[in-house]
Amino acid sequence: MTTSRTRLAVMATVLGLIAVLGVVWLVKSATTGSQNTSGSGTDTSAARSTAASDATDGGTTASGTTTGTGQTTGSGQTAGSGQTTGSGQTTGSTTGDGGRTPGGGKTPGGDKRSISVNGLRIDGNGNGDGCVTFINKTSTPARITGVSFTKVRGAGDPTISSDNAAHCDGQQDDDADPPCDGLRLIEGKQCQAGAVLGPGAHGHYTVGAVASYTFVCDNAKINPCDHASEAGGPPPSPQNPVSISGESAPLPTGLDVGGTPPDTPPTDDTDPGNPPQPVNPPPGGTPTTPSPPEQ
């Protein structure tokens, strides 16, 4: 009886070991199968990626260079017309225009096309005392590069210069019109200029003020940029502006200078061609008055 029980115990133990080994084998098999499946999926994705890359226009060569328009060589730099070479720097033009900038290659801040147009609407009125007010009556901001003065009427030939409106009335006020020289004069705004006369000036003078101006046009529609087409080439644009420069029409103003010229001789009412004659007595004595006839 004891022998039978021992045999049963041994058999149960063996069966238990076999069951444990079977479970371990099954777990190991399942784990190995999962890893194989994952690897197979990765390989499949890589193969698909490679196939998609091979299907790209132009195909892929052994060195990794993509041929056709927009070729990629080396590490993907661009050269020529849409081609990539080097470290990603782009040369030429990706639009296939050979690197040309629209509008003749001019860019803002570079060399601008320019024309000269005199008599544009930079005008205003004279204020007296040699001062004038200029008003920008165009539709574009203007740069006033300077104001010059010339004599219209007056004695002698004194020097005339600009003092940039320093002596003009109101220049010390906070709301005074700014001096014109070098000013960017916005459309509709105004500025002042003033003239002073040098030694030898006397009496009343009329002087004409002329403003020199420059406009930068990025269109050909508004005044005075409608003149920009005279520069030739493509229409003006922000990438290819046109500069218009010139001088305004003379703006007259009067001024009075006191004193007399230094070499003016004294004047009188005597006519040099008919001087007064002295009254001389007749020979032999004083003049006599004839007596009336006797009755």
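The structure contained in this document is the topic of the report that follows. (Residues numbered from 1 in each chain as written. Predicted model: local features only at pLDDT ≥ 70, side-chain atom pairs only at ≥ 80, totals over all residues. Heavy atoms only, no water.)

## Comments concerning the side chain of Arg113
Thought 1: Relative to the helices and strands, Arg113 resides in strand β1 (residues 113-116).
Thought 2: Of the side chains with opposite charge, Asp218 lies nearest to the buried Arg113, which makes no salt bridge, at 11 Å.
Thought 3: Side-chain polar atoms of Arg113 contact the backbone oxygen of Pro234, separated by 2.8 Å.
Thought 4: Once residues within four sequence positions are removed from consideration, Arg113 is found in contact with Ala231, Gly232, Gly233, Pro234, Pro235, Pro236, Asn240, Pro241, Val242 and Ser243. (Helix = DSSP H or I, 4+ residues; strand = E, 2+ residues; numbered from the N terminus. Buried < 20%, exposed > 50% of the residue type's maximum accessible area, 1.4 Å probe, protein only. Lys, Arg positive; Asp, Glu negative; His and termini not counted. Salt bridge = Lys/Arg side-chain N within 4 Å of Asp/Glu carboxyl O. Polar contact = N/O pair within 3.5 Å; in protein donor to acceptor, adjacent residues only side chain to side chain. Contact = heavy atoms within 4.5 Å.)

## A look at the state of the cysteines
Thought 1: For the structure on display, the rule yields three disulfides.
Thought 2: Across the disulfide, Cys131 is cross-linked to Cys168 (sulfur-sulfur distance 2.0 Å). Its torsion about the S-S bond being -100°, the disulfide of Cys131 and Cys168 is classed as left-handed. One end of the pair, Cys131, is in strand β3 (residues 131-136); the other, Cys168, is in the loop between β5 (160-162) and β6 (184-185), and 37 residues separate them in sequence.
Thought 3: Note on Cys131: relative accessible area 2%, which makes it buried.
Thought 4: Paired by a disulfide, Cys180 and Cys191 hold their sulfur atoms 2.0 Å apart. (Disulfide = S-S within 2.5 Å.)

## Re the pairing of strand β2 (residues 122-128)
Thought 1: When β2 meets β3, the two strands line up antiparallel, connected through six bridges. Opposite Asn125, over in β3, you have Thr133 as the bridge partner. (Pairing = 2+ DSSP bridges.)

## Quick word on the nonpolar core
Thought 1: Grouped together as the largest cluster of nonpolar side chains are 28 residues, with contacts concentrated most on Ile122, Phe134, Ile144, Val147 and Phe215.
Thought 2: Broken down by secondary-structure element, the contributors of at least two residues to this core are β3, β4 (142-153), β7 (190-197), β8 (203-217) and β10 (251-257).
Thought 3: Broken down by element, this core gets its largest block of residues, seven residues, from β8. (Core = buried A, V, L, I, M, F, W, Y, C linked by side-chain atoms within 4.5 Å.)

## Concerning the sheet that holds β7
Thought 1: Spatially, the four strands line up as an open sheet ordered β2-β3-β7-β5, and their pairing is antiparallel. The open sheet has two free edges, formed respectively by β2 and β5, since each of these has just one partner strand. Recorded for the sheet is a direction-independent mean angle of 30° between the axes of neighbouring strands.
Thought 2: Note that β5 and β7 share three bridges and pair antiparallel. In the strand pairing of β7, Ser161 is matched with Val196. (Axes fitted to C-alpha atoms, helices over the stretch in contact; angles between N-to-C directions.)

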